[in-house]
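What follows is the residue order along each chain.
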Amino acid sequence: MKASILAAFAIAVPVLAAPTLAAADKLDDLKSAGKVTIAIGNEPPFTAIAPDGAVSGAAPDVARAVFQKLGVDSLGAQVIEYGAMIPSLQAGRVDAIAAGLFMKPERCAAVAYSEPVLCDAEAMLVAKGNPKGFKSYADIAAADGARIGAPGGGTEEKLALEAGVPRDRVIVVPDPQSGLKMLQDGRLDAYSLPVLSMSDLMKKGGEGSVDLIAPVEGAPVSCDGVAFNRNDAALRDAFDVELAKLKESGEFAKIVEPYGFSAQAALSTTRDKQCAAPQ
């Protein structure tokens with residue numbers, strides 16, 4: 001694994017030796033401003049904003065560490081719905097996305113992803129005792145009238161629709177706490193998020209009142225990366241070089257593992273594999 005990381009580093013360095021003027025200007029602009037602005041979803045443990053405005057979570061913490069090595073000391077964030085993150089990046093309203101936005105072929109065509117950062121599986125919350133026996137998105141599709149909640153534009157919404165759940169039974173939920181409350185009130189039959197996000201939500205109020213189904217049968221294990229505008233591919237390459245060093249040194253594991261993520265999961269796959277994964 002160490003050899004593969006070093007090989008990736010060796011390949012990336014020549015790319016950075018002659019960056020385009022626009023890409024070089026982008027990094028210079030960030031250095032001059034002393035700040036990079038990322039899009040996040042405020043979905044712990046992937047991302048979080050404290051009452052005082054402090055940005056944390058595994059994805060921003062990794063991004064912050066890498067950008068600091070690139071000479072950009074401060075990291076700010078905008079909370080944006082998942083479905084609007086890529087348009088915001090393309091429009092230049094943010095410099096990057098570090099939010100648990102899993103790699104999918106269509107997303108890989110729209111943005112320049114870094115190498116993998118955080119990997120996770122899918123989970124569902126259901127009523128206590130799982131009275132309808134849900135194990136998969138297909139089970140919800142087959143259950144007459146069953147409604148599932150998911151983040152708008154997120155992986156879970158897409159997986160539910162692809163499994164055959166009708167559009168009017170896939171309910172867009174603005175935040176995890178709302179999803180839990182809607183399930184507890186009987187307005188949803190299931191609510192879906194990644195495993196780690198769901199585990200965090202359970203600790204904050206779901207334990208004892210609902211059941212957790214994890215992983216969801218038939219759902220893929222996905223990984224995110226920090227996403228950049230495709231015009232900033234050289235900036236992404238520079239980010240990848242420092243990310244590889246972070247992984248090699250063990251600092252990466254020290255950042256992500258306290259949040260419950262596996263550093264080895266990110267080391268075991270690549271951007272190319274994730275972008276080519278069948279959906």
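Here the residue numbering is sequential within each chain, running from 1 through the sequence in written order. It should be noted that, the model being predicted, local features are given only for residues of pLDDT at least 70 and side-chain atom pairs only at 80 or more, the latter also being counted only at that level, while totals for whole chains, interfaces and linings use all residues. To get the side-chain values, all heavy atoms of the structure are used, and hydrogens and water are removed first.

Peer 1: What exactly am I supposed to notice about the overall build of the protein chain here?
Peer 2: Secondary structure elements follow DSSP: runs of H or I no shorter than four residues count as helices, runs of E no shorter than two count as strands, and numbering proceeds from the N terminus. The helix and strand inventory of the protein chain stands at 13 helices and 14 strands. Scored against the burial criterion, the 279 residues of the protein chain give a buried share of 51%. Carbon and sulfur atoms make up 54% of the accessible area of the protein chain, which totals about 11800 Å². For every residue, the accessible area obtained with a 1.4 Å probe (protein chains only) is divided by the maximum for its type, and the residue is called buried under 20%, exposed over 50%, and partly exposed between those limits. Here the accessible surface of atoms and residues is derived via Shrake-Rupley with a 1.4 Å probe, and residues count as covered only by protein chains that are part of the display.

Peer 1: Looking at this model, I keep getting lost on unusual backbone geometry. Mind explaining?
Peer 2: Glycine aside, residues mostly have negative phi, and peptide bonds are mostly found in the trans state. Cis geometry marks the peptide bond from Pro44 to Pro45; its omega dihedral reads 0 degrees. With respect to the helices, strands and loops of the structure, Pro45 is situated in the loop between β1 (35-40) and β2 (48-49). The linkage connecting Ala214 with the following residue, Pro215, adopts the cis geometry, with an omega of -5 degrees. As for its placement among the helices and strands, Pro215 is situated in the loop between β12 (210-213) and β13 (222-223). One non-glycine residue, Asn42, lies in the positive phi region at around 55 degrees. With respect to the helices and strands, the residue Asn42 is situated in the loop between β1 and β2.

Peer 1: What exactly am I supposed to notice about the nonpolar core here?
Peer 2: A general feature of soluble globular proteins is that nonpolar side chains tend to end up buried together. Among the buried residues, those of types Ala, Val, Leu, Ile, Met, Phe, Trp, Tyr and Cys that are joined through side-chain atoms within 4.5 Å form a nonpolar core. In terms of nonpolar packing, the biggest core is built from 39 residues, with Val62, Phe67 and Phe252 touching the most fellow members. The set of elements that each furnish at least two residues to this core consists of α2 (21-33), β1, α3 (58-69), α10 (233-249), α11 (251-256) and α12 (263-267). If one sorts the elements of this core by residue count, α3 sits on top with seven residues. Judged by nonpolar contacts, the second largest core, of 16 residues, contains Leu89, Leu101, Met103 and Cys275.

Peer 1: Sorry if this is basic, but what is going on with the packing of aromatic side chains here?
Peer 2: In this description, an aromatic ring pair is defined by two values, namely the gap between the centres and the angle between the planes. Put simply, two rings from Phe, Tyr or Trp (the six-membered ring, in Trp's case) pair if the centres are within 6.5 Å, and we call them stacked under 30 degrees between planes, edge-to-face over 60, tilted for the rest. The tally for this structure, following the rule as stated, stands at five aromatic pairs. With a centroid separation of 5.4 Å and an interplanar angle of 65 degrees, the aromatic rings of Phe228 and Phe239 are classed as edge-to-face. With Phe228 in strand β14 (residues 227-228) and Phe239 in helix α10, this residue pair connects regions lying eleven residues apart in the sequence. A relative accessible area of 0% places Phe239 in the buried class. An aromatic cluster of at least three residues, connected via ring pairs, comprises Phe46, Phe102 and Phe261. Only Lys NZ and Arg CZ are tested; either one counts as a charge over a ring when it is within 6 Å of the ring centre and within 35 degrees of the ring normal. When the ring centre of Phe252 is taken as origin, the NZ or CZ atom of Lys247, which lies over that ring, is 5.6 Å away.

Peer 1: Teacher, can you tell me more about helix α7 (residues 155-162) here?
Peer 2: Structurally, the α-helix is built with 3.6 residues per turn, so residues lying three or four positions apart point the same way. Buried within α7 are the following residues: Thr155, Glu156, Glu157, Leu159 and Ala160. Where α7 is buried, its residues touch α5 (105-110), β8 (122-127), α6 (137-142), β9 (148-150), β10 (170-172) and β11 (190-194). Phi turns positive, to about 105 degrees, at Gly164, one or two residues after α7. What makes two residues a contact is simply this: any of their non-hydrogen atoms within 4.5 Å.

Peer 1: Help me out: how do you make sense of the sheet that holds β10 in this one?
Peer 2: Strand pairing in a sheet takes place through backbone hydrogen bonds and is either antiparallel or parallel in direction. Two strands qualify as a pair provided that DSSP identifies no fewer than 2 bridges between them. Strand order across the open sheet formed by five strands is β10-β9-β11-β8-β12, with mixed pairing between neighbours. What marks the edges here is a single partner per strand, and that holds for β10 and β12. Across the sheet, the mean angle separating the axes of adjacent strands is 30 degrees when strand polarity is ignored. For every element, the axis is a line fit to its C-alpha atoms; helices are fit only across the contacting stretch, and the angle between N-to-C directions ranges from 0 to 180 degrees. Lying on the sheet, α7 is in contact with β8, β9, β10 and β11; it crosses β10 at an angle near 165 degrees.

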